[in-house]
Amino acid sequence: MATNLNIEQPSSSAAVPLLNRRMAMALLGLMVLVGGLAGIIRLFAGLGRTTALIDAYPWGIWIGFDFTLIAFAGAGFTMAGLVHVLHQHKYHDAVRPAILAGLAGYVAVLLLLVLDLGRPDRFYHFIFFWNIHSPLFEISWCVLLYTTVLLLEVSPFLLERINRPVSEKLLRVSHGIMPVVAVVGVTLSSLHQSTLGTLYLNMPHRLHALWYSPALPVLFFVSSIMAGLCLATLAYGGASYVLRRPAKRAIVDGLLRLAGWLALIYLALKLGDLLVSGELALIWSAGAYSAWWWLEMSLGLILPLALLFIPALRRRPWTPVVAPLLLLFGVMMNRFNATMFGQILQPEVSYSPHLLEWLSTIGIIGAAVMAWLLGVRFLAIFEQKKAAHE
Amino acid sequence: MTAQPTLSRRDFLKTAGVGAAAVTATCVLGSQASPALASGPASENGWAMLIDTTRCTGCQSCALACKEVKSRPNPTVEPTALSSEAYTFIDLRPQADSEATINVKRQCMHCQHPACVSACTVGALRKTADGPVTYDDKKCIGCRYCQYACPFGVPTYDWNNPLGLIHKCDLCVQRLAEGERPACVASCPAGALHFGRRTDMIAQARARIRSNQRRYVDKVYGEHEAGGTSMLYLSGVPFSQLGLPELGEQTISHQAEAVMAKTPLVAASVATLATGLYWLLKRRDLKLNEAQVTLPQEDSHGH
């Protein structure tokens with residue numbers, strides 16, 4: 001047995017208990033209820049009456065959170081790749097919480113997208129009407145196929161809870177195909193995580209040079225792995241906490257070390273890109289754009305890097321929680337800057353999200369968190385049976 | 001069931017390879033199945049419109065004629081912007097040193113290589129060989145990506161409709177098929193709109209500039225902008241005063257299309273790399289295991 005250490009055990013841990021759990025669920029349930037209602041109102045009333053979106057500002061917080069959630073949900077392919085493809089079995093315990101978070105994330109993404117579509121009734125059209133030049137076409141297909149992959153990857157969590165001969169058989173099949181599923185998942189994710197960056201290459205006239213770059217596909221891909229590792233760390237810690245199991249220090253430390261290196265590479269790419277394009281001066285001279293850039297980079301990349309690489313800070317008990325949270329914040333700011341704050345607008349154009357946009361977003365994210373928590377509680381999230389690997 | 005780890009491992013490997021091959025094949029086939037919709041060779045001689053802003057009086061006849069032909073709501077209200085109600089209007093731009101306005105007709109530019117067409121998720125927007133950029137309202141899902149890709153701010157969404165769609169000028173493709181000119185051209189009382197083949201319109205614009213050098217700035221806007229447009233503008237003042245964006249000669253979507261063209265390659269590379277690493281590292285693990293004492297591995301199947 002590896003040395004099991006309680007790494008994020010607040011003193012109150014013994015007292016987190018049913019009442020709090022119930023209260024959390026009640027709060028989440030309320031969010032889902034209100035958000036669901038907001039979503040239904042939007043579907044029947046149309047975008048004009050329920051959002052602040054206009055022709056000069058057609059994408060708002062729904063798209064911002066959508067692209068953020070896809071990056072976060074990169075936890076699924078990152079961990080499946082790390083353990084099922086690259087055989088880093090020491091991270092085994094962290095795979096399932098991450099894959100479950102990936103599935104919850106992608107389902108939330110699909111719900112948000114349906115709300116955002118002008119014709120939600122036609123959400124499936126991309127299956128029949130093709131445009132292979134369109135980044136969004138590729139993303140749609142990859143998200144559809146990858147959500148299927150996630151369902152396959154999650155199915156054993158459920159099957160292991162069902163003591164029937166048929167589930168035994170299905171489990172064997174599932175174990176047999178898991179390597180293929182993982183390879184396909186990694187491939188599909190590499191494609192659409194990077195294509196989300198390609199998406200912005202079609203708006204050179206709209207996206208500020210602090211974010212617009214031919215390297216966007218690479219930047220989006222690298223940051224999705226970084227975000228994936230961070231969410232996987234938190235999901236593992238969170239699942240351990242919910243199930244009152246000690247989190248293994250080796251897993252948390254290892255994931256955070258990987259996340260730190262990814263963050264370092266990402267920082268180098270971001271700065272190198274601005275340096276090569278000769279646009280580095282914009283980080284001081286572009287007014288509000290510079291400010292957004294600094295918020296993204298300082299709080300979301302440089303500070304967490306300091307936490308992860310300066311030994312004295314690295315040893316703090318809150319670092320394993322705060323550092324990944326900050327890196328996730330940085331990725332979120334990046335997606336929001338690309339979608340909203342980094343957009344070049346006519347001076348008279350502004351957008352301040354409608355209440356219904358907020359409520360529906362909060363509701364859908366609440367549903368994802370709730371589904372994940374319930375999954376952790378009721379599915380085989382820390383395998384009891386020894387699995388595919390010897 | 002007695003497990004035979006080595007055998008099943010080999011099976012895993014095979015299936016992984018098959019899976020990777022399948023992904024690759026799907027991507028390669030996919031790329032061949034659909035011909036280049038977005039940036040097929042744009043006809044240099046498609047229909048085009050020459051808009052002489054020095055002749056435009058700003059009467060909005062074109063805008064109202066368009067509304068009527070396209071059955072837009074509020075047919076008698078003169079529009080002040082592009083919207084789902086108005087596919088064209090005349091932008092009356094005040095000048096600093098004069099009472100008179102500069103009148104700039106705005107509508108879809110019908111680009112030679114339209115970024116909206118390249119971006120459209122479901123291929124609802126198309127560049128026809130004859131010039132018009134058309135829109136299929138049966139396909140559109142309302143994602144509004146075209147609004148971001150268009151550098152001219154042309155596609156508009158019908159925000160007040162719960163099942164809203166994108167709206168924009170289609171160069172009266174229906175009237176063209178019937179041998180008629182677009183409604184705006186037919187309705188212009190000032191002789192500001194000319195319609196014909198693109199090369200002819202460019203030649204005519206050049207001839208006008210040559211014959212009246214004091215009237216015109218020596219530039220035809222749209223000849224090269226963003227790879228060229230079917231709408232060509234003449235102006236008496238620098239084009240920066242017309243509210244038309246300053247654009248280079250590169251098409252808007254060239255970078256995105258170059259990356260998208262690599263999709264099959266990326267898919268094949270990642271799938272191959274992942275399968276290769278899976279296999280190599282698995283072998284390494286196996287060797288490590290062999291080096292150790294053979295441990296019972298059937299535990300997993302007994303209860």
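Scoring rules and cut-offs
- Residues numbered from 1 in each chain as written.
- Chains lettered and ligands numbered in written order.
- Predicted model: local features only at pLDDT ≥ 70, side-chain atom pairs only at ≥ 80, totals over all residues.
- Heavy atoms only, no water.
- Helix = DSSP H or I, 4+ residues; strand = E, 2+ residues; numbered from the N terminus.
- Buried < 20%, exposed > 50% of the residue type's maximum accessible area, 1.4 Å probe, protein only.
- Contact = heavy atoms within 4.5 Å.
- Areas by Shrake-Rupley, 256 points an atom, 1.4 Å probe, with all protein chains shown as cover.
- Axes fitted to C-alpha atoms, helices over the stretch in contact; angles between N-to-C directions.
- Parallel < 35°, antiparallel > 145°, perpendicular 65-115°, else oblique.
- Left-handed = near helix turned anticlockwise from the far one by under 90°.
- Polar contact = N/O pair within 3.5 Å; in protein donor to acceptor, adjacent residues only side chain to side chain.
- Pairing = 2+ DSSP bridges.
- Buried area = accessible area lost by both parts, 1.4 Å probe.
- Salt bridge = Lys/Arg side-chain N within 4 Å of Asp/Glu carboxyl O.
- Nonpolar A, V, L, I, M, F, W, Y, C, P; charged D, E, K, R; others polar.
- Phe/Tyr/Trp six-rings, centres within 6.5 Å; stacked < 30°, edge-to-face > 60°.
- Arc of directions from axis to C-beta.
- Patch = residues over 30% accessible without salt bridge, like charges linked within 9 Å, V, L, I, M, F, W, Y side chains within 5 Å.

(A) Examining the overall build of chain B more closely. Within chain B, the regular secondary structure consists of nine helices and nine strands. Going through the 303 residues of chain B one by one, you find that 49% of them count as buried. Counted over contacts in chain B with a minimum sequence separation of 6, partners at least 24 positions apart contribute 59%. As presented, chain B carries roughly 14500 Å² of accessible surface, and 56% of it is formed by carbon and sulfur atoms.

(B) Structural context of the overall build of chain A. From N to C terminus, chain A includes 15 helices and zero strands. Taken over 390 residues, chain A has a buried fraction of 56%. Taking contacts inside chain A between residues at least 6 apart in sequence as the whole, the part at least 24 apart equals 81%. A total accessible area of about 15700 Å² is found for chain A, and carbon and sulfur atoms account for 73% of it.

(C) Layout of the packing of helix H4 (residues 75-85) of chain A against helix H5 (residues 92-116) of chain A. Residues and elements named next belong to chain A. Between H4 and H5, whose axes approach to 8 Å, the crossing angle comes to 155 degrees. Taken together, H4 and H5 sit at an angle that is classed as roughly antiparallel. Judged by the sense of rotation from one axis to the other, the crossing of H4 with H5 is left-handed. On H5, the residues that touch Ala75, Gly76, Met79, Ala80, Val83 and His84 of H4 are His92, Ala94, Val95, Ala98 and Ile99.

(D) Summary view of the environment of Thr361(A). All names here are of chain A. Relative to the elements of secondary structure, Thr361 occurs in helix H15 (residues 355-378). Here Thr361 falls in the buried class, since its relative accessible area comes to 2%. Along the chain, Thr361 and Val32 lie 329 residues apart, while their C-alpha atoms are 9.5 Å from each other. Not counting residues up to four positions away in its chain, the partners in contact with Thr361 are Ile61, Trp62, Phe65 and Leu112. A polar contact is formed between the side chain of Thr361 and the side chain of Trp62, at a distance of 3.4 Å. A polar atom in the side chain of Thr361 sits 2.6 Å from the backbone oxygen of Glu357.

(E) Representation of the pairing of strand E8 (residues 193-197) of chain B. Residues and elements named next belong to chain B. Of all five residues making up E8, four are buried, and the element is well covered by its neighbours. Alignment of strand E1 (residues 47-52) against E8, held across five bridges, turns out to be antiparallel. When the sheet's bridge partners are listed, Met49 is paired in E8 with Phe195.

(F) Inspection of the interface of chain A and chain B at higher detail. Opposite the 65 residues of chain A that make contact, chain B presents 65 residues. Looking only at chain A, the three residues that lose the most surface to chain B are Asp55(A), His133(A) and Asn202(A), adding up to 12% of its buried area. For the pair chain A and chain B, the number of links is one salt bridge. A salt bridge links Arg144(B) to Asp116(A); its shortest N-O distance comes to 3.1 Å. Taken together, the connections running from chain A to chain B amount to 28 residue pairs in polar contact (both at pLDDT 80 or more). Listing elements by their share of the side of chain A that touches chain B, those giving two or more residues are helix H1 (18-45), helix H2 (47-50), H4, helix H6 (125-128), helix H7 (135-159) and helix H8 (165-198) of chain A. Sorting elements by how many residues they give to the side of chain A that touches chain B places H8(A) first, with 13 residues. Considered class by class, the residues forming the side of chain A that touches chain B number 32 nonpolar, 21 polar and twelve charged.

(G) A look at the packing of helix H9 (residues 216-242) of chain A against helix H10 (residues 249-276) of chain A. Residue and element names in this part refer to chain A. Contact geometry for H9 and H10: axes closest at 9 Å, N-to-C directions at 155 degrees. In terms of their interaxial angle, H9 and H10 are classed as roughly antiparallel. The way H9 lies across H10 gives a crossing that is left-handed. Residue classes in the contact of H9 with H10 are distributed as 20 nonpolar, two polar and two charged.

(H) Molecular detail of the packing of aromatic side chains. Under the definition given, this model contains 24 aromatic pairs over all chains. Between Trp130(A) and Trp141(A), the ring centres sit 5.8 Å apart and the planes meet at 70 degrees, which makes this aromatic pair edge-to-face. Of this pair, Trp130(A) sits in the loop between H6 and H7 while Trp141(A) sits in helix H7, placing them eleven residues apart in sequence. An aromatic cluster of at least three residues, connected via ring pairs, comprises Trp59(A), Phe67(A), Tyr200(A), Phe220(A), Tyr145(B) and Tyr148(B).

(I) Representation of helix H8 (residues 254-261) of chain B. Looking only at H8(B), the buried set comprises Ala256(B), Glu257(B) and Met260(B). For H8(B), the angular spread of buried residues about the axis comes to 95 degrees, placing them on one side. The inward-facing, buried residues of H8(B) abut H7 and H8 of chain A together with helix H3 (115-119) and helix H9 (263-291) of chain B.

(J) Layout of the sheet that holds E8(B). All names here are of chain B. Overall, mixed pairing links the three strands, which are arranged E8-E1-E9 in an open sheet. On the outer flanks of this sheet lie E8 and strand E9 (231-234), each paired with one strand and no other. Adjacent strand axes in the sheet meet at a mean angle of 25 degrees, parallel and antiparallel pairs treated alike. Contacting E1, E8 and E9, helix H7 (residues 198-211) crosses the sheet at an angle of about 135 degrees to E8.

(K) Spatial organisation of a nonpolar patch on the surface. Residues and elements named next belong to chain A. On the surface, Phe123, Tyr124, Ile127, Phe128, Leu144 and Leu145 cluster together into a nonpolar patch covering about 550 Å² of accessible area. Those elements giving two or more residues to the nonpolar patch turn out to be H6 and H7. Assessed through its relative accessible area of 46%, Phe123 is described here as partly exposed.

(L) Geometry of unusual backbone geometry. All names here are of chain B. For Ser71, which is not a glycine, the phi torsion comes out positive at approximately 50 degrees. Tracing the sequence through the fold places Ser71 in the loop between helix H2 (61-69) and strand E2 (89-94). The class of Ser71 is exposed, set by a relative accessible area of 58%. Within the chain, Ala226 stands out as a residue other than glycine whose phi angle is a positive 50 degrees. Structurally, Ala226 can be placed in the loop between H7 and E9.

(M) The pairing of strand E3 (residues 101-106) of chain B, seen in detail. Residues and elements named next belong to chain B. Counting buried positions along E3 yields five of six residues, so the element is predominantly enclosed. Two strands pair when backbone bridges link them, and E2 and E3 are joined in this way by six bridges, in the antiparallel orientation. Counterpart to Phe89 in the pairing with E3 is Arg106. Once E2 ends, the chain turns through six residues before running back antiparallel as E3.

(N) Molecular detail of the pattern of salt bridges. Inspection of every chain in the model, using the stated rule, returns 20 salt bridges over all chains. For Arg249(A), the salt bridge is made with Asp253(A), and the minimal N-O distance between the two is 3.3 Å. In this pair, Arg249(A) and Asp253(A) are both assigned in helix H10, four residues apart and thus about one turn of the helix distant. For Arg249(A), a relative accessible area of 31% puts it in the partly exposed group. In this structure Asp253(A) comes out as buried when scored by relative accessible area, which is 19%. The partner of Asp52(B) in a salt bridge is Arg208(B), and the shortest N-O contact between them spans 2.8 Å. Placement of Asp52(B) in strand E1 and of Arg208(B) in helix H7 is noted, with a sequence separation of 156 residues between them. What you see here is one network of salt bridges that share partners, running through Asp93(A), Arg245(A) and Lys248(A).

None of this, on its own, says anything about what the molecule does.
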